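Observations on chain architecture
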Amino acid sequence: MATIKRFEEIKVWQEARELAKMVYNATSQGVLAKDFGLKEQIQRAAVSVGSNIAEGFARNGNKEFVKFLWIAKGSATEVQSQLYTAMDVGYITDAEFKTIYEKAESCNLLIYRFIRSLRSSEYSGERYKRMVEEV
């Protein structure tokens, strides 16, 4: 397995970036753009997905990384829930809902697979490697 050197190389972070872009595009137009509460909440949740993936990566240990991945997964699910509200009140179309919802679902699936992969890995990060070498 190739070593990831930068968080930008992580496929799920790339997907999260796309999710945030889609959310920002949807919330910058129409009635939703004027509903500051829902708009800001869904934007924060969308941004949180990629941010937590990046922050977890920077922690440089699998156990902490997994913790941040679970938070990112929760944020992706939060986006999905907020999309229902936006659709239910007529702020977004069924097609917009479906497209963004599916992107959030893709993020959720990739995050879960990544968590499973990290949990089964024997390598626990540079920091832990250094600690063992120093002892």
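Going by the structure above, here's the rest.
Structural notes, computed from the coordinates.

Conventions used here
- Residues numbered from 1 in each chain as written.
- Predicted model: local features only at pLDDT ≥ 70, side-chain atom pairs only at ≥ 80, totals over all residues.
- Heavy atoms only, no water.
- Helix = DSSP H or I, 4+ residues; strand = E, 2+ residues; numbered from the N terminus.
- Buried < 20%, exposed > 50% of the residue type's maximum accessible area, 1.4 Å probe, protein only.
- Contact = heavy atoms within 4.5 Å.
- Areas by Shrake-Rupley, 256 points an atom, 1.4 Å probe, with all protein chains shown as cover.
- Expected span 1.5 Å × (residues − 1).
- Bend = angle between axes of the 7 residues up to and from the residue.
- Phe/Tyr/Trp six-rings, centres within 6.5 Å; stacked < 30°, edge-to-face > 60°.
- Core = buried A, V, L, I, M, F, W, Y, C linked by side-chain atoms within 4.5 Å.

The secondary structure content of the chain amounts to five helices and zero strands. Ordered by position from the N terminus, the helices and strands of the chain form the series α-α-α-α-α. Evaluated residue by residue, the chain yields a buried proportion of 39% over its 135 residues. Nonlocal contacts in the chain, meaning residues at least 24 apart in sequence, comprise 72% of its contacts between residues at least 6 apart. Within the structure as shown, the chain displays about 8,200 Å² of accessible surface, and the carbon and sulfur contribution to it stands at 53%.

Between its terminal C-alpha atoms helix α2 (residues 36-59) stretches 33 Å, which fits the 34 Å expected from 24 residues at 1.5 Å a residue. Of all the bends found along α2, the most pronounced is centred on Ser48 and spans about 30°.

Right, let's get into the packing of aromatic side chains. Counted under the stated rule, the structure contains seven aromatic pairs. Through a chain of ring-to-ring contacts, three or more aromatic side chains come together here, namely Phe57, Phe65 and Phe114.

Before going further, it helps to spend a moment on the nonpolar core. Counting 34 residues, the largest nonpolar core has Leu19, Val49, Ile53, Leu69, Val79 and Ile111 as its most contacted members. When sequence neighbours within four positions are dropped, the list of residues in contact with Leu19 reads Val49, Val79, Ile100, Lys103, Ala104 and Cys107.

Further remarks concern helix α4 (residues 94-120). Here α4 contains 27 residues, and its C-alpha end-to-end distance of 39 Å stays within 8% of the 39 Å for a straight helix at 1.5 Å per residue. Listed in full, the buried residues belonging to α4 are Phe97, Ile100, Lys103, Ala104, Cys107, Asn108, Ile111, Phe114, Ile115 and Leu118. Buried residues belonging to α4 abut α1 (11-27), α2 and α3 (62-88).

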